[in-house]
Amino acid sequence: DCIQLAFQKRGESSRKGIEGATCELGLAKTPQGPVVHEWRPQNIDLPLDTGRQLAISRQGDLTRYEAAIAWSDLEVQTMAEKSQLLWSFTINDNDGEKFKGWLEWTPGICGGKSAADFGRLDLCP
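So, here is what we can say about the structure in this document. The model shown is predicted, which means the values in this text are computed figures rather than measured ones. (Residues numbered from 1 in each chain as written. Predicted model: local features only at pLDDT ≥ 70, side-chain atom pairs only at ≥ 80, totals over all residues. Heavy atoms only, no water.)

1. Some points on the overall build of the chain
Stage number 1. Counting its secondary structure elements, the chain contains zero helices and nine strands.
Stage number 2. Each helix and strand of the chain, placed in order from N terminus to C terminus, yields the pattern β-β-β-β-β-β-β-β-β.
Stage number 3. Partitioning the contacts of the chain with sequence separation of at least 6, the portion at a separation of at least 24 is 48%.
Stage number 4. Accessible area for the chain stands at about 7,900 Å²; split by element, carbon and sulfur atoms hold 51% of it. (Helix = DSSP H or I, 4+ residues; strand = E, 2+ residues; numbered from the N terminus. Contact = heavy atoms within 4.5 Å. Areas by Shrake-Rupley, 256 points an atom, 1.4 Å probe, with all protein chains shown as cover.)

What follows is the structure, encoded as structure tokens:
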């Protein structure tokens, strides 16, 4: 199981594919502990800096993910008035036997990469 988040600066691109996203992150609880993974448009597949903050806890059937994502990771330098990002997220279901499916806020991550399908996130100063 994991959560995937993807972000793109508004107006940056409407291209189909992962190269349309500024940043895509995967958050997962593994036997070795919480893992954060980052994909970048140039098909560079790099783990995030170990200094990043991520906590994943499970109580019964409830799993809570808490992550601190720097604005610079999203290529946002300041939260200017009325700034916007395009973004989406999915919750993936895989209990170790096989991938069962996903729940998505908007299309664009699973079932075909397309930042053009992301929703709008308004940033408030």
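2. Remarks on the pattern of salt bridges
Where side chains of opposite charge bring their charged atoms close, a pairing between them can arise.
Stage number 1. Here the structure, examined in full by the defined rule, presents two salt bridges.
Stage number 2. The partner of K113 in a salt bridge is E24, and the shortest N-O contact between them spans 2.9 Å. Remark: E24 occurs in strand β2 (residues 23–30) and K113 occurs in the loop between β8 (99–104) and β9 (119–123); sequence separation between them is 89 residues.
Stage number 3. In this structure E24 comes out as buried when scored by relative accessible area, which is 2%.
Stage number 4. For the salt bridge of D122 with R120, the shortest nitrogen-to-oxygen distance reads 3.1 Å.
Stage number 5. The class of R120 is partly exposed, set by a relative accessible area of 48%. (Salt bridge = Lys/Arg side-chain N within 4 Å of Asp/Glu carboxyl O. Buried < 20%, exposed > 50% of the residue type's maximum accessible area, 1.4 Å probe, protein only.)

3. What to know about the state of the cysteines
Stage number 1. With the rule as written, the count across this model stands at zero disulfides.
Stage number 2. Of all cysteine sulfurs in the structure, the one in C110 sits closest to C2, which takes part in no disulfide; the separation is 7.5 Å. (Disulfide = S-S within 2.5 Å.)

4. As for the pairing of β8
Stage number 1. With five bridges joining them, strand β7 (residues 83–94) and β8 adopt antiparallel strand pairing. Residue pairing in the sheet places N92 in a bridge with W102 of β8.
Stage number 2. The antiparallel pairing of β7 with β8 creates a hairpin that spans four residues between the two strands, and G96 there sits at a positive phi of about 100°. (Pairing = 2+ DSSP bridges.)

5. A few points about the side chain of S88
Stage number 1. One can find S88 in strand β7.
Stage number 2. A residue is classified by how much of its surface remains accessible, and S88, at 0% relative accessible area, is buried.
Stage number 3. Within polar-contact distance, the side chain of S88 engages the side chain of T106 at 2.7 Å.
Stage number 4. Every residue in contact with S88, bar those within four places of it in the chain, is listed here: Q4, L5, A6, W105, T106, P107, I109 and F118. (Polar contact = N/O pair within 3.5 Å; in protein donor to acceptor, adjacent residues only side chain to side chain.)

6. Considerations on the environment of H37
Stage number 1. Relative to the assigned elements, H37 resides in strand β3 (residues 33–39).
Stage number 2. Taking the C-alpha atoms as reference, H37 lies 5.6 Å from L25; in sequence the two are twelve residues apart.

7. Description of the pairing of strand β6 (residues 62–68)
Side-chain direction in a regular strand flips from residue to residue, so the side chains alternate between the two faces of the sheet.
Stage number 1. Pairing of strand β5 (residues 53–59) with β6 involves seven bridges; the strand directions are antiparallel. Counted as the bridge partner of S57 is R64 from β6.
Stage number 2. Linking β5 back to β6 in an antiparallel pair, the connection comprises two residues, with G60 at a positive phi of about 65°.

8. Quick word on the nonpolar core
Stage number 1. By size, the foremost hydrophobic cluster in this structure holds 13 residues, and its most contacted members are L5, F7, L27, L54, L74 and L85.
Stage number 2. Elements supplying a minimum of two residues to this core: β1 (2–9), β2, β5 and β7.
Stage number 3. A6, L86, I109 and F118 belong to the second-largest nonpolar core, a separate cluster that totals six residues. (Core = buried A, V, L, I, M, F, W, Y, C linked by side-chain atoms within 4.5 Å.)

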